[in-house]
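Structural overview for review
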Amino acid sequence: MSDSKFTPRSVLFVPGHRPDMLAKVGRSGPDAVVIDLEDAVSPPAKDEARATVMDGLARERPAAGTVLVRVNGAGTQWHDADVAACATAIGAGQLDGVVLPVYERVDDLTRLRSALPAGAVVVVGLESALGVADARPLLAEGPDAAYFGAEDFIADLGGRRTPGGAEVQYARSQVCLAARLGAVTALDQVIVAVHDAEAFRAEAEQAVALGYRGKLCLHPIQVAVAHEVFTPSAEQIEHARAVLAAAESGVGLVDGQMVDAVHVTMARAVLERAGV
């Protein structure tokens, strides 16, 4: 399990140049919202979008548990100005942290941390061939969370996305494994078919099985599904408690299945996710 205190089930992305969408965030109640200055904003509009976002944050925080801004990547012409503006907003209590896309070099995280106030949340994106290949040393540097960006990753490889997702399954697992070893919260890839709730649910279920703690959302309708899937059900909680009780009493079976140390570990993880 991750040791990070930042463990959102849902992370809803909102375009930085759409303040009207940001004002509606509270309706879906995401655990975290990311105001996107990177992919969602075209290059000519980036400076204006940054100013719009900071002005909006100064007036009112979005209604989400954690409020983040995804800055443009390190090395881009907008990165430093994005980070400086975010640092000011964090210092004023208007923002909780920053999302760094296309994380490939430890130095980029080090510089970002040093530019932000102490305690700022930092989420990184592993979404390139180099980022995924170097996932373990990159996440050993201790960001609060990391997401796997399947679309950018497969584009970097020169491949193509398929409905089954077999082409990214290795990388998806690699990121989650590296996050576990680095005690970093792992956040699963997006579903670009934003109105296909069943596809989102199926992929979220896969993410839980892999060990992810939450999922990126591109549409408010995905938030409720993420909360349902990443929150243990009453039946799962009951089973976990039965496993722990059996282990304590020396009973070797629960529902006809043997109880050993690994089942105890998994039961404790379920109760931790449930907050009970």
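So, a few notes on the structure that sits alongside this text. (Residues numbered from 1 in each chain as written. Predicted model: local features only at pLDDT ≥ 70, side-chain atom pairs only at ≥ 80, totals over all residues. Heavy atoms only, no water.)

1. Overview of the pattern of salt bridges
Put simply, the test is: Salt bridge, as used here, is a side-chain nitrogen of Lys or Arg placed within 4 Å of a carboxyl oxygen of Asp or Glu. Note on conventions: DSSP H or I runs of at least 4 residues are helices, E runs of at least 2 residues are strands, and numbering of each starts at the N terminus. Each residue's exposure class comes from its accessible area (1.4 Å probe, protein chains only) as a fraction of the maximum for that residue type: buried when under 20%, exposed when over 50%, partly exposed otherwise.
As enumerated under the stated definition, the model contains 20 salt bridges in all. Measuring nitrogen to oxygen at the nearest pair gives 3.1 Å for the salt bridge that ties D108 to R105. Among the ionic pairs, K215 bridges to D188, the shortest N-O distance being 2.6 Å. With K215 in strand 8 (residues 214-217) and D188 in strand 7 (residues 185-188), this residue pair connects regions lying 27 residues apart in the sequence. On the basis of relative accessibility, which here comes to 0%, the residue D188 falls in the buried class. Where salt bridges share partners, they join D36, E38, D39 and R70 into one cluster.

2. A closer look at the nonpolar core
The condition that has to hold: To form a nonpolar core, buried Ala, Val, Leu, Ile, Met, Phe, Trp, Tyr and Cys residues must be joined to one another through side-chain atoms within 4.5 Å. Whether two residues touch is decided by their heavy atoms; if any such pair falls within 4.5 Å, the residues are in contact.
With 61 residues, the main nonpolar core has V69, L116, L139 and F148 as its most contacted residues. Residues contacting L116, with those up to four places away along its chain left out, are V83, A87, I90, V98 and V122.

3. Quick word on the pairing of strand 2 (residues 32-36)
As a reminder of what qualifies: Strand pairing requires that DSSP identify at least two bridges connecting the strands.
Taken across its 5 residues, strand 2 has 5 buried, putting it largely inside the fold. The two faces of strand 2 match: A32, V34 and D36 on one face and V33 and I35 on the other face are all buried. Pairing geometry for strand 1 (residues 10-15) and strand 2, over 5 bridges, is parallel. Across the sheet, V14 pairs through a bridge with I35, a residue of strand 2.

4. What to know about the sheet that holds strand 4 (residues 97-100)
Strand pairing within a sheet occurs via backbone hydrogen bonds; the two strands may be parallel or antiparallel. Formally: To obtain each axis, a line is fitted to C-alpha atoms, and for helices this fit is confined to the stretch in contact; angles are then taken between N-to-C directions over 0 to 180 degrees.
Read once around its circumference, the closed barrel built from 8 strands follows the order 1-2-3-4-5-6-7-8, with strand pairing classed as parallel. Adjacent strand axes in the sheet meet at a mean angle of 25° when their direction is disregarded. Here strand 5 (residues 121-126) pairs with strand 6 (residues 145-148) via 4 bridges, running parallel. Within strand 6, the residue paired with V124 across the bridge is A146. Running over the sheet, helix 8 (residues 166-181) touches strand 5, strand 6 and strand 7 and is turned about 175° from strand 6.

5. Side note on the packing of helix 7 (residues 150-157) against helix 8
In plain terms, the rule: Should an angle lie under 35 degrees it is considered roughly parallel, over 145 roughly antiparallel, and from 65 to 115 roughly perpendicular; all remaining angles are considered oblique. Crossing handedness follows the turn of the near helix against the far one: under a right angle anticlockwise gives a left-handed crossing, and clockwise gives a right-handed one. The nonpolar class holds Ala, Val, Leu, Ile, Met, Phe, Trp, Tyr, Cys and Pro. Asp, Glu, Lys and Arg form the charged class, and all remaining residues, Gly among them, are polar.
Between helix 7 and helix 8, whose axes approach to 10 Å, the crossing angle comes to 110°. Here helix 7 is positioned roughly perpendicular relative to helix 8, judged by the angle of their axes. Considering how the two elements wind past one another, helix 7 and helix 8 form a crossing that is right-handed. Contact residues: A150, F153 and I154 in helix 7; E167, V168 and A171 in helix 8. The class makeup of the residues in the contact of helix 7 with helix 8 is 5 nonpolar, no polar and 1 charged.

6. Some words on the packing of aromatic side chains
Where we set the bar: Pairing of aromatic rings covers Phe, Tyr and Trp, the last counted by its six-membered ring, and requires centre-to-centre distances within 6.5 Å; plane angles under 30 degrees mean stacked, over 60 mean edge-to-face, and any other angle means tilted. Either the NZ atom of lysine or the CZ atom of arginine qualifies as a charge over a ring when it sits within 6 Å of the ring centre and within 35 degrees of the ring normal.
Under the defined criterion, the tally for this structure stands at 1 aromatic pair. Directly above the aromatic system of W78 lies the positively charged group of K46, at a separation of 5.2 Å from the ring centroid. In this structure, K215 is placed above the aromatic ring of F200, and the distance from its NZ or CZ to the ring centre is 5.6 Å.

7. Quick word on unusual backbone geometry
Phi is positive for V102, close to 45°, though the residue is something other than glycine. Summarising the element assignment, V102 is placed in the loop between strand 4 and helix 4 (106-115). Here V102 falls in the partly exposed class, since its relative accessible area comes to 33%. Phi is positive for A183, which is not a glycine, with a value near 55°. Using a relative accessible area of 24% as the deciding quantity, one classes A183 as partly exposed.

8. Describing helix 3 (residues 79-91)
In plain terms, the rule: Expected span of a helix, by definition, is 1.5 Å for each gap between consecutive residues, and there is one gap fewer than residues.
In a regular helix each residue adds 1.5 Å, so 13 residues correspond to 18 Å; helix 3 covers 18 Å between its end C-alpha atoms and thus fits that length. Of the residues making up helix 3, those classed as buried are H79, D82, V83, A85, C86, A87, A89 and I90. The secondary structure elements touched by the buried residues of helix 3 are helix 2 (46-59), strand 3 (66-70), strand 4 and helix 4. Phi for G93, located one or two positions after helix 3, is positive at around 80°.

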